[in-house]
Amino acid sequence: MAKILICGRGGSGKSTLTTMLAHHLAEKGKVLVVDADESNLGLGKMLGLSPPAQTLMDTLGGRKVVGEKLMAAIKSKGTEEVKIFSEDFGFSELPPESTIWAGEAGLIQIGKIEHSKEGCACPMGALAREFLNKLKNNEKEWVIVDTEAGVEHFGRGVLEGTDAVLMVIDPSHEAVILAEKAAKLAEEAGKSFAVVLNKVDEKTEPRLKKMLEKMNIDIAGVLPYSPAIAEANLAGEPLNVEPLRQELRNILNHI
Ligand SMILES: Nc1ncnc2c1ncn2[C@@H]1O[C@H](COP(=O)(O)OP(=O)(O)OP(=O)(O)O)[C@@H](O)[C@H]1O
Ligand SMILES: [Mg+2]
(Lines give C-alpha, C1' and ligand atoms only; values in the text may rest on other atoms or scores of the structure.)
(Ligands and ions follow the chains in the order given, each with its own letter.)
Protein backbone atom coordinates (compact mmCIF):
# COMPACT_ATOMS: atom_id res chain seq x y z
CA MET A 1 0.00 0.00 0.00
CA ALA A 2 0.94 3.63 0.03
CA LYS A 3 3.80 5.45 1.69
CA ILE A 4 2.27 8.71 2.89
CA LEU A 5 4.28 11.72 3.99
CA ILE A 6 2.56 13.98 6.54
CA CYS A 7 3.69 17.59 6.57
CA GLY A 8 2.53 20.97 7.81
CA ARG A 9 3.47 23.93 9.89
CA GLY A 10 4.52 23.65 13.53
CA GLY A 11 1.78 22.42 15.84
CA SER A 12 -0.78 21.95 13.04
CA GLY A 13 -1.42 18.33 14.04
CA LYS A 14 1.02 16.25 11.93
CA SER A 15 1.86 13.80 14.70
CA THR A 16 -1.78 13.59 15.74
CA LEU A 17 -2.88 12.69 12.20
CA THR A 18 0.05 10.26 11.86
CA THR A 19 -1.05 8.54 15.08
CA MET A 20 -4.71 8.33 14.13
CA LEU A 21 -3.94 6.98 10.66
CA ALA A 22 -1.54 4.44 12.18
CA HIS A 23 -4.11 3.19 14.72
CA HIS A 24 -6.77 3.01 12.02
CA LEU A 25 -4.58 1.22 9.47
CA ALA A 26 -3.16 -1.23 12.01
CA GLU A 27 -6.59 -2.86 11.99
CA LYS A 28 -6.32 -3.55 8.27
CA GLY A 29 -2.69 -4.56 7.90
CA LYS A 30 0.78 -3.66 9.07
CA VAL A 31 1.74 -0.01 9.40
CA LEU A 32 5.20 1.40 9.95
CA VAL A 33 5.43 4.94 11.30
CA VAL A 34 8.66 6.64 10.26
CA ASP A 35 9.56 9.47 12.61
CA ALA A 36 11.52 11.81 10.37
CA ASP A 37 11.24 14.75 12.77
CA GLU A 38 14.74 15.30 14.13
CA SER A 39 13.59 17.57 16.96
CA ASN A 40 10.35 16.43 18.58
CA LEU A 41 10.28 13.47 20.91
CA GLY A 42 6.62 12.82 21.66
CA LEU A 43 5.47 10.64 18.75
CA GLY A 44 6.18 7.32 20.49
CA LYS A 45 4.07 8.36 23.47
CA MET A 46 1.23 9.45 21.17
CA LEU A 47 1.37 6.09 19.43
CA GLY A 48 1.49 4.23 22.73
CA LEU A 49 4.91 2.78 21.83
CA SER A 50 8.14 3.17 23.78
CA PRO A 51 10.68 4.59 21.34
CA PRO A 52 13.14 1.99 19.99
CA ALA A 53 16.49 1.59 21.78
CA GLN A 54 18.34 3.42 19.00
CA THR A 55 17.60 5.73 16.14
CA LEU A 56 18.32 4.37 12.66
CA MET A 57 21.19 6.87 12.47
CA ASP A 58 22.77 5.35 15.59
CA THR A 59 22.29 1.81 14.31
CA LEU A 60 24.16 2.77 11.15
CA GLY A 61 27.14 4.08 13.10
CA GLY A 62 26.00 7.53 14.10
CA ARG A 63 25.79 10.96 12.62
CA LYS A 64 29.52 11.09 11.85
CA VAL A 65 29.43 7.97 9.66
CA VAL A 66 26.30 9.04 7.75
CA GLY A 67 27.59 12.62 7.51
CA GLU A 68 30.87 11.42 5.98
CA LYS A 69 29.00 9.38 3.36
CA LEU A 70 26.93 12.45 2.59
CA MET A 71 30.01 14.65 2.22
CA ALA A 72 31.64 12.05 -0.04
CA ALA A 73 28.52 12.01 -2.27
CA ILE A 74 28.50 15.80 -2.46
CA LYS A 75 32.21 15.89 -3.36
CA SER A 76 32.12 13.13 -5.97
CA LYS A 77 28.68 13.65 -7.56
CA GLY A 78 27.79 17.16 -6.47
CA THR A 79 24.48 15.89 -5.07
CA GLU A 80 23.18 14.80 -1.70
CA GLU A 81 22.25 11.41 -3.16
CA VAL A 82 24.08 9.37 -0.63
CA LYS A 83 24.17 5.58 -0.89
CA ILE A 84 23.67 4.07 2.54
CA PHE A 85 21.82 0.80 1.90
CA SER A 86 23.15 -1.56 -0.75
CA GLU A 87 19.76 -3.14 -1.48
CA ASP A 88 16.03 -2.63 -1.13
CA PHE A 89 14.50 -4.06 2.05
CA GLY A 90 11.09 -4.92 3.44
CA PHE A 91 9.45 -4.62 6.87
CA SER A 92 10.93 -7.95 8.01
CA GLU A 93 14.47 -6.72 7.36
CA LEU A 94 14.28 -3.53 9.39
CA PRO A 95 17.01 -3.35 12.05
CA PRO A 96 15.55 -4.65 15.34
CA GLU A 97 17.63 -2.19 17.40
CA SER A 98 15.85 0.76 15.84
CA THR A 99 12.37 -0.61 15.14
CA ILE A 100 9.67 -1.36 17.67
CA TRP A 101 6.44 -3.21 16.96
CA ALA A 102 3.28 -3.50 19.04
CA GLY A 103 0.87 -5.72 17.17
CA GLU A 104 0.61 -4.45 13.64
CA ALA A 105 1.96 -0.95 14.31
CA GLY A 106 5.67 -0.20 14.25
CA LEU A 107 7.88 2.81 14.81
CA ILE A 108 11.32 3.73 13.52
CA GLN A 109 13.07 7.01 14.26
CA ILE A 110 15.48 8.29 11.61
CA GLY A 111 17.66 10.40 13.91
CA LYS A 112 17.42 13.07 16.59
CA ILE A 113 19.44 16.14 17.45
CA GLU A 114 21.39 14.86 20.46
CA HIS A 115 24.11 17.41 21.20
CA SER A 116 24.61 21.14 21.33
CA LYS A 117 26.58 22.39 18.27
CA GLU A 118 26.33 18.99 16.55
CA GLY A 119 25.65 20.72 13.23
CA CYS A 120 22.81 20.82 10.75
CA ALA A 121 20.20 18.13 10.21
CA CYS A 122 21.38 17.34 6.65
CA PRO A 123 22.49 13.77 7.50
CA MET A 124 19.01 13.01 8.90
CA GLY A 125 17.36 14.34 5.73
CA ALA A 126 19.68 12.33 3.48
CA LEU A 127 19.13 9.18 5.55
CA ALA A 128 15.34 9.63 5.56
CA ARG A 129 15.32 9.99 1.76
CA GLU A 130 17.54 6.95 1.17
CA PHE A 131 15.57 4.87 3.73
CA LEU A 132 12.21 5.66 2.13
CA ASN A 133 13.58 5.04 -1.35
CA LYS A 134 14.88 1.60 -0.42
CA LEU A 135 11.98 0.50 1.82
CA LYS A 136 9.56 -1.62 -0.18
CA ASN A 137 6.16 -2.34 1.35
CA ASN A 138 3.64 -4.85 0.02
CA GLU A 139 -0.10 -4.38 -0.59
CA LYS A 140 -0.95 -5.07 3.07
CA GLU A 141 1.69 -2.74 4.49
CA TRP A 142 1.43 1.00 4.96
CA VAL A 143 4.11 3.56 5.73
CA ILE A 144 3.27 6.88 7.38
CA VAL A 145 6.08 9.44 7.60
CA ASP A 146 5.81 12.15 10.26
CA THR A 147 8.00 15.13 9.45
CA GLU A 148 9.42 18.24 11.04
CA ALA A 149 7.45 21.47 10.68
CA GLY A 150 7.89 23.47 7.50
CA VAL A 151 9.20 22.49 4.08
CA GLU A 152 12.84 21.58 4.62
CA HIS A 153 12.11 17.89 3.90
CA PHE A 154 10.89 18.93 0.42
CA GLY A 155 14.24 20.60 -0.18
CA ARG A 156 16.01 17.43 0.96
CA GLY A 157 13.88 15.20 -1.27
CA VAL A 158 12.55 13.12 1.63
CA LEU A 159 9.31 12.74 -0.33
CA GLU A 160 11.10 11.04 -3.26
CA GLY A 161 10.35 7.49 -2.10
CA THR A 162 6.79 8.23 -0.96
CA ASP A 163 3.56 7.99 -2.96
CA ALA A 164 1.51 10.86 -1.58
CA VAL A 165 1.88 14.00 0.51
CA LEU A 166 -0.79 14.97 3.02
CA MET A 167 -0.46 18.41 4.53
CA VAL A 168 -2.17 19.28 7.79
CA ILE A 169 -3.69 22.74 7.79
CA ASP A 170 -4.79 24.46 10.96
CA PRO A 171 -6.88 27.61 10.70
CA SER A 172 -4.05 30.11 10.25
CA HIS A 173 -2.78 32.40 7.54
CA GLU A 174 0.69 30.86 7.78
CA ALA A 175 -0.76 27.39 7.08
CA VAL A 176 -2.57 28.64 3.98
CA ILE A 177 0.49 30.25 2.41
CA LEU A 178 2.61 27.25 3.31
CA ALA A 179 0.04 25.01 1.58
CA GLU A 180 0.43 26.92 -1.66
CA LYS A 181 4.19 26.50 -1.51
CA ALA A 182 4.05 22.82 -0.52
CA ALA A 183 1.56 22.07 -3.32
CA LYS A 184 4.03 23.50 -5.85
CA LEU A 185 6.96 21.61 -4.35
CA ALA A 186 5.00 18.33 -4.38
CA GLU A 187 3.96 18.91 -8.00
CA GLU A 188 7.57 19.57 -8.95
CA ALA A 189 8.48 16.24 -7.34
CA GLY A 190 5.62 14.48 -9.18
CA LYS A 191 3.78 13.53 -5.97
CA SER A 192 0.07 13.61 -5.32
CA PHE A 193 -0.78 16.34 -2.81
CA ALA A 194 -3.84 16.98 -0.67
CA VAL A 195 -4.56 18.74 2.60
CA VAL A 196 -6.41 17.81 5.77
CA LEU A 197 -8.02 20.65 7.68
CA ASN A 198 -7.47 20.26 11.40
CA LYS A 199 -8.70 21.97 14.56
CA VAL A 200 -11.45 23.76 12.63
CA ASP A 201 -14.88 24.82 13.89
CA GLU A 202 -18.07 25.91 12.17
CA LYS A 203 -16.65 29.38 11.49
CA THR A 204 -13.11 28.56 10.40
CA GLU A 205 -13.92 25.46 8.31
CA PRO A 206 -15.92 27.17 5.52
CA ARG A 207 -13.54 30.11 5.44
CA LEU A 208 -10.45 27.93 5.19
CA LYS A 209 -12.10 25.74 2.53
CA LYS A 210 -12.90 28.78 0.43
CA MET A 211 -9.31 30.04 0.62
CA LEU A 212 -7.88 26.66 -0.35
CA GLU A 213 -10.38 26.08 -3.15
CA LYS A 214 -9.42 29.44 -4.61
CA MET A 215 -5.86 28.16 -4.79
CA ASN A 216 -7.06 24.87 -6.37
CA ILE A 217 -5.76 22.89 -3.43
CA ASP A 218 -7.25 19.44 -3.04
CA ILE A 219 -8.95 18.88 0.35
CA ALA A 220 -8.81 15.25 1.47
CA GLY A 221 -10.62 15.61 4.78
CA VAL A 222 -11.58 17.67 7.79
CA LEU A 223 -10.86 16.99 11.46
CA PRO A 224 -12.68 19.35 13.83
CA TYR A 225 -11.13 20.84 16.94
CA SER A 226 -11.63 18.21 19.61
CA PRO A 227 -11.14 18.93 23.33
CA ALA A 228 -10.74 15.15 23.79
CA ILE A 229 -7.68 15.13 21.49
CA ALA A 230 -6.11 18.11 23.29
CA GLU A 231 -6.76 16.56 26.73
CA ALA A 232 -5.44 13.13 25.76
CA ASN A 233 -2.26 14.77 24.46
CA LEU A 234 -1.71 16.77 27.63
CA ALA A 235 -2.28 13.72 29.81
CA GLY A 236 -0.02 11.57 27.59
CA GLU A 237 -2.91 9.18 26.99
CA PRO A 238 -3.67 7.24 23.79
CA LEU A 239 -5.92 8.91 21.22
CA ASN A 240 -9.34 7.46 20.59
CA VAL A 241 -9.73 7.08 16.83
CA GLU A 242 -13.32 5.83 17.01
CA PRO A 243 -15.08 9.22 16.60
CA LEU A 244 -12.90 10.06 13.59
CA ARG A 245 -12.87 6.71 11.84
CA GLN A 246 -15.18 7.71 9.00
CA GLU A 247 -13.17 10.85 8.32
CA LEU A 248 -9.93 8.83 8.34
CA ARG A 249 -11.49 6.42 5.81
CA ASN A 250 -12.48 9.40 3.64
CA ILE A 251 -8.94 10.78 3.78
CA LEU A 252 -7.42 7.44 2.77
CA ASN A 253 -9.94 6.90 -0.02
CA HIS A 254 -9.20 10.36 -1.28
CA ILE A 255 -5.49 9.73 -1.71
N1 LIG B 1 -8.16 18.10 16.06
C2 LIG B 1 -7.56 18.53 17.17
N3 LIG B 1 -8.28 19.06 18.20
C4 LIG B 1 -7.68 19.51 19.31
N5 LIG B 1 -6.37 19.52 19.52
C6 LIG B 1 -5.60 19.01 18.54
C7 LIG B 1 -6.13 18.50 17.33
N8 LIG B 1 -5.10 18.08 16.56
C9 LIG B 1 -3.97 18.31 17.26
N10 LIG B 1 -4.27 18.87 18.45
C11 LIG B 1 -3.31 19.30 19.49
O12 LIG B 1 -2.43 20.26 18.93
C13 LIG B 1 -1.12 20.09 19.48
C14 LIG B 1 -0.12 19.90 18.36
O15 LIG B 1 -0.42 18.68 17.73
P16 LIG B 1 0.73 17.78 17.09
O17 LIG B 1 1.81 17.53 18.05
O18 LIG B 1 0.08 16.62 16.44
O19 LIG B 1 1.24 18.81 15.99
P20 LIG B 1 2.53 18.70 15.06
O21 LIG B 1 2.18 19.35 13.78
O22 LIG B 1 3.02 17.31 15.02
O23 LIG B 1 3.54 19.61 15.88
P24 LIG B 1 5.14 19.76 15.62
O25 LIG B 1 5.28 20.73 14.48
O26 LIG B 1 5.63 20.32 16.91
O27 LIG B 1 5.67 18.41 15.30
C28 LIG B 1 -1.21 18.91 20.44
O29 LIG B 1 -1.42 19.40 21.74
C30 LIG B 1 -2.44 18.15 19.95
O31 LIG B 1 -3.09 17.42 20.97
MG1 LIG C 1 4.93 16.50 15.43
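Residues numbered from 1 in each chain as written. Chains lettered and ligands numbered in written order. Predicted model: local features only at pLDDT ≥ 70, side-chain atom pairs only at ≥ 80, totals over all residues. Heavy atoms only, no water.

Caption draft 1: Structural detail: the layout of surface pockets. In this model, the largest pocket occupies a volume close to 470 Å³. For the largest pocket, the lining is made up of 26 residues, of which Gly-13, Thr-16, Met-46, Lys-199 and Asn-233 are closest to its centre. For the lining of the largest pocket, the elements supplying multiple residues, two or more each, are helix 1 (14-25), helix 2 (43-47), strand 5 (141-147), strand 7 (192-200) and helix 9 (227-235). Among the residues making up the lining of the largest pocket, the classes are represented as eight nonpolar, 12 polar and six charged. (1 Å grid on protein atoms, 1.4 Å probe; cavity = no way out; pocket = protein on both sides within 12 Å on 5 of 7 lines; lining within 4 Å. Points joined across faces, edges and corners; volume = space filled by probe spheres on them. Helix = DSSP H or I, 4+ residues; strand = E, 2+ residues; numbered from the N terminus. Nonpolar A, V, L, I, M, F, W, Y, C, P; charged D, E, K, R; others polar.)

Caption draft 2: Expanded view of the site of ligand 1. Around ligand 1, a shell composed of 20 residues is seen, among which Lys-14, Thr-16, Asn-40, Asn-198 and Ser-226 lie nearest. Take Asn-40: an N or O atom from its side chain is 2.7 Å from an oxygen atom of ligand 1. Isolated, ligand 1 exposes 630 Å² of accessible area, and the fraction of that covered by the protein chains is 84%. A majority-of-atoms criterion places ligand 1 in the largest pocket. Every element with two or more residues in the shell around ligand 1 is listed here: helix 1, strand 7 and helix 9. A breakdown of the residues in the shell around ligand 1 according to their chemical character gives six nonpolar, 10 polar and four charged. (Near = heavy atom within 4 Å. Polar contact = N/O pair within 3.5 Å; in protein donor to acceptor, adjacent residues only side chain to side chain. Areas by Shrake-Rupley, 256 points an atom, 1.4 Å probe, with all protein chains shown as cover. Sits in = over half its atoms within 2 Å of the grid points.)

Caption draft 3: Molecular detail of the pairing of strand 6 (residues 164-169). Along strand 6, six of the six residues are buried, which leaves the element largely enclosed by surrounding structure. Burial along strand 6 is two-sided: the residues Ala-164, Leu-166 and Val-168 and Val-165, Met-167 and Ile-169 are all buried. For strand 1 (residues 3-8) and strand 6, the ladder comprises five bridges, and the chain directions are parallel. If you follow Leu-5 over to strand 6, its bridge partner there is Val-165. Note that strand 6 and strand 7 share six bridges and pair parallel. Bridge pairing in strand 7 places Leu-166 opposite Ala-194. Remark: the strand 6/helix 7 (residues 173-188)/strand 7 crossover connection has right-handed handedness. (Buried < 20%, exposed > 50% of the residue type's maximum accessible area, 1.4 Å probe, protein only. Pairing = 2+ DSSP bridges. Right-handed = clockwise from strand over helix to strand, strands pointing away.)

Caption draft 4: Spatial organisation of the environment of Ile-100. Structurally, Ile-100 can be placed in strand 3 (residues 99-102). A sequence separation of 46 residues divides Ile-100 from Gln-54, and the C-alpha atoms of the two residues are 10.0 Å apart. Excluding anything up to four places from it in sequence, Ile-100 contacts Leu-49, Ser-50, Pro-52, Ala-105, Gly-106 and Leu-107. (Contact = heavy atoms within 4.5 Å.)

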